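# Fold and geometry: a report
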Amino acid sequence: MEALTLEEKLKNLPTGPGVYLHKDDAGKIIYVGKAKNLRNRVRSYFQSGRGHDPKTRELVRRIRDLEFIVTDTEVEALVLESNLIKQHRPRYNILLKDDKQYPHLKLTINEPFPRVMITRRIQRDGALYFGPYLPASLARRTIDLINRTFQLRTCDIEIDGRLPRPCLEYHIKRCLGPCVRGLCTPEEYQESVRDVRMFLEGKNRELADEYERRMMKASDEMKFERAAKYRDLRKTVLAVSEQQKMAVAQDLDVDIFGFYREGARLALQLFTMREGKIVGRREFFWEDLPADDSFDAASFLSDVLAQYYSTDYVPREVHVPADFEDRELLEKALTERKGRRVHILDPRRGQKREMIGLVEKNAQIAFEQRFRVLKPDMERVLEELQEVLELPRFPARIESFDVSNISGAENVAAMVVCENGKMNRQEYRKFKIKSVEGANDPASMREAVFRRYRRQLDEGNPLPDLVMIDGGKTQLSAAASAMRELDLEAIPVIGVVKPPRRHNEVSHILMKGRESEPIYLDSHSPVLRLIQMIRDETHRSAVTYHRKRRELRDFTSELTAIPGVGERRKNKLLRNLGSIQKIARAGAEALAPFVGRKTAEEIVEHFRRQRALAGVAQASASDSADTHTTAVAAAASGDAWDASAHHPDDPTVMTDETIGDEHIETRLVDPEGDAEDLQPVRSVDHEGEVRRRRTRARKRGGRTTKPRAVRREKLADDAENDVEN
């Protein structure tokens with residue numbers, strides 16, 4: 001049976017309420033709408049006499065198919081429309097987008113030893129969720145009170161009672177210590193879990209009575225320390241119950257909306273009023289609204305409110321700056337959901353209108369900060385970062401790692417430090433990867449992280465509040481493995497993932513322990529800009545160090561490629577003559593005292609050939625992969641590479657240039673022996689051909705019997721042992 005065409009579907013539309021879905025030629029849903037009469041509403045799109053705005057005309061031009069769902073009432077159509085918009089996110093619907101959701105507290109009763117954590121994602125995982133908490137600081141204060149009072153664990157390790165000693169949380173009386181056998185029994189821990197559940201459910205009076213009963217029982221059994229503990233818990237619960245009246249007031253329970261718009265961009269503010277006080281605020285932003293006069297504030301508010309209240313807490317009253325067509329319908333839907341009368345008002349005068357004006361003023365300020373890229377308050381950005389990542393403490397110190405190599409060659413890593421939103425260059429560290437062969441970024445990342453924090457622990461230096469890894473799941477897993485080996489699992493670790501072929505952007509964030517729940521940030525979020533800034537600085541530091549090591553290999557190996565010049569003679573020449581430029585210009589008489597007459601003549605001949613090739617090498621420098629040939633040739637001829645012009649007092653500086661807006665300085669001294677394992681570059685003969693390697697007279701690994709060669713091999717072995725040690 002052939003499928004119905006669009007024209008046939010339009011002819012057979014029902015006249016009842018329902019939801020319609022417009023699709024493009026690829027079958028993708030591009031618009032979802034509701035209707036009191038499906039036939040009249042859907043056909044109106046295709047009537048030529050209708051004065052559609054540009055956005056609707058573009059929508060109609062792309063419609064190739066439609067579907068519809070019939071409902072019994074308009075309220076059902078309204079709810080279904082909101083759910084479908086959230087599910088499919090059609091291009092031509094106004095989408096409610098937010099940087100974050102309200103925080104909830106999650107009690108993991110699905111675990112043998114439950115814990116409480118802050119989360120913004122409600123899942124069907126068997127845990128209990130409490131909230132939402134507004135402002136978000138209330139959730140942090142509540143979880144801190146729970147940790148201090150009820151002493152549930154905060155770690156995410158497996159509890160089997162086999163650890164030899166408890167962590168610091170136990171010693172400062174913020175954890176019962178179930179990880180060590182004998183500190184607390186499972187029954188005692190479950191009792192504390194039940195108390196936390198009653199506390200979060202608001203059963204403070206019942207919990208206080210329970211503590212009083214336990215106190216009297218412990219007193220009768222002459223367990224006075226336990227009785228004193230229950231007495232203090234009872235006082236705490238009663239004190240909190242007087243303050244904890246969150247979103248339950250019967251009188252003034254109001255949400256107030258206001259927005260500010262310029263062109264296609266709009267900032268929406270929501271103030272939440274509880275018990276007559278402003279206790280929370282949310283911000284929403286759009287960039288793709290109609291830029292002309294076709295923007296309809298009433299239709300915009302209708303779509304926003306329907307989507308917003310499909311999942312969030314419903315107040316007694318909602319104040320909006322303009323009336324809209326579906327107001328009564330939405331009121332009815334919210335009333336049914338809340339179970340009592342809900343009013344949506346558009347006040348024109350008086351105190352309520354003044355409050356909307358205040359919200360609109362804040363919306364304008366948010367618009368300025370968002371779209372005019374004003375300098376954000378860094379403390380606020382870090383607080384938002386803490387909320388988005390659900391960190392246990394304020395991220396005052398962030399340390400970020402990245403790895404750089406080319407097919408495993410010159411494998412290095414770099415770490416940068418961000419303190420209170422500012423980069424602390426004095427704390428930067430670089431690592432020459434020692435235990436990894438080839439291009440193995442996860443293993444390299446693990447080595448860098450392990451070496452960094454093993455040394456921090458050995459020296460008693462401060463640890464970070466957050467560790468950032470430039471990479472995906474594999475790099476994050478490798479870093480987490482290093483932290484686990486050092487007993488630093490409590491430190492949060494995140495991975496910054498780049499989208500395919502767009503390495504300057506951030507796709508999403510992965511959190512250690514929640515890799516299956518990627519965190520997506522809005523493209524204009526200050527938090528995202530901070531993360532990008534730290535990631536870019538880490539990448540720049542790693543790449544710069546990699547380039548320096550690569551150039552150090554290229555330029556220092558040029559001398560050792562000359563027959564008769566080894567590491568000892570190279571160092572002697574550099575120590576006495578100062579730089580490769582001076583060696584290249586020196587005659588045989590000046591070189592002979594350090595390397596002998598024959599080798600001196602070899603060096604002079606080598607650089608004579610380089611000067612002959614200098615013009616060709618410099619002409620093709622932009623297309624050549626062997627940039628060291630150009631550099632050495634130029635050095636030999638005295639052109640362009642004379643770093644002494646920048647460093648007249650430091651003859652060991654060989655290059656001082658800017659490559660890709662990055663300052664590169666290369667030195668020929670290597671006091672730490674970092675260049676010991678670098679491979680030499682092949683030399684060329686007088687015709688510019690690469691010299692063939694000299695064949696060995698004995699098998700590889702065998703020993704020579706020549707006295708001078710034996711001594712040279714022994715020195716090389718001693719140097720290698722020193723490096724390994």
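Here we come to the side chain of Ser44. Looking at the secondary structure, you find Ser44 in the loop between helix H2 (38-43) and helix H3 (54-62). Residue classification places Ser44 among the buried positions, given a relative accessible area of 6%. At 2.5 Å, the side chain of Ser44 forms a polar contact with the backbone oxygen of Arg41.

What follows concerns the sheet that holds strand S5 (residues 116-119). Here three strands make up an open sheet; going across it, the order is S5-S4-S6 and the pairing antiparallel. A strand with exactly one partner marks an edge of an open sheet, and here the two such strands are S5 and strand S6 (128-130). The sheet shows a mean angle of 30 degrees between the axes of neighbouring strands, direction not considered. Pairing geometry for strand S4 (residues 104-107) and S5, over four bridges, is antiparallel. Within S5, the position partnered with Leu107 by the bridge is Val116. Against the sheet, helix H7 (residues 186-200) touches S4, S5 and S6, its axis set at about 155 degrees to S4.

Attention shifts here to the packing of aromatic side chains. Taken as a whole, this structure holds 14 aromatic pairs when the rule is applied. For the ring pair Phe113 and Tyr189, a centre distance of 5.3 Å and an interplane angle of 70 degrees mean the geometry is edge-to-face. Of the two residues, Phe113 is situated in the loop between S4 and S5 and Tyr189 in helix H7; the sequence distance between them amounts to 76 residues. Like Phe113, the residue Tyr189 is buried in the burial classification. The structure contains a cluster of three or more aromatic residues connected by ring pairs, namely Phe257, Phe284, Tyr308 and Tyr309.

The contact between helix H14 (residues 441-459) and helix H15 (residues 473-485) brings their axes to 8 Å, and the two run at 30 degrees. Our classification of the angle between H14 and H15 gives roughly parallel. The handedness of the crossing between H14 and H15 is right-handed. Counted together, Asp441, Pro442, Met445, Arg446, Val449, Phe450 and Tyr453 of H14 and Thr474, Gln475, Ala478, Ala479, Ser481, Ala482, Met483 and Glu485 of H15 form the full contact between these two elements. When grouped by side-chain class, the residues that make up the contact of H14 with H15 number nine nonpolar, three polar and three charged.

Contact geometry of helix H4 (residues 74-88) with helix H11 (residues 327-338) gives a least axis separation of 9 Å together with a crossing angle of 85 degrees. By the angle between their directions, the pair H4 and H11 is classed as roughly perpendicular. Contact residues: Glu74, Val75 and Leu78 in H4; Leu329, Leu330, Lys332, Ala333 and Glu336 in H11. Of the residues assigned to the contact of H4 with H11, the class counts are five nonpolar, no polar and three charged.

On average, residues of the protein chain score 76 in pLDDT, and 75% of them reach the 70 mark or higher. Ignoring residues within four places in sequence, the model shows residues 243-250, a span with pLDDT below 50, making eleven contacts including any to other chains. Scored below 50 in pLDDT, residues 620-684 shows 138 contacts in the model against residues more than four places distant or in partner chains.

The rules behind each value
- Residues numbered from 1 in each chain as written.
- Predicted model: local features only at pLDDT ≥ 70, side-chain atom pairs only at ≥ 80, totals over all residues.
- Heavy atoms only, no water.
- Helix = DSSP H or I, 4+ residues; strand = E, 2+ residues; numbered from the N terminus.
- Buried < 20%, exposed > 50% of the residue type's maximum accessible area, 1.4 Å probe, protein only.
- Polar contact = N/O pair within 3.5 Å; in protein donor to acceptor, adjacent residues only side chain to side chain.
- Pairing = 2+ DSSP bridges.
- Axes fitted to C-alpha atoms, helices over the stretch in contact; angles between N-to-C directions.
- Contact = heavy atoms within 4.5 Å.
- Phe/Tyr/Trp six-rings, centres within 6.5 Å; stacked < 30°, edge-to-face > 60°.
- Parallel < 35°, antiparallel > 145°, perpendicular 65-115°, else oblique.
- Left-handed = near helix turned anticlockwise from the far one by under 90°.
- Nonpolar A, V, L, I, M, F, W, Y, C, P; charged D, E, K, R; others polar.
- pLDDT = per-residue confidence, 0-100.

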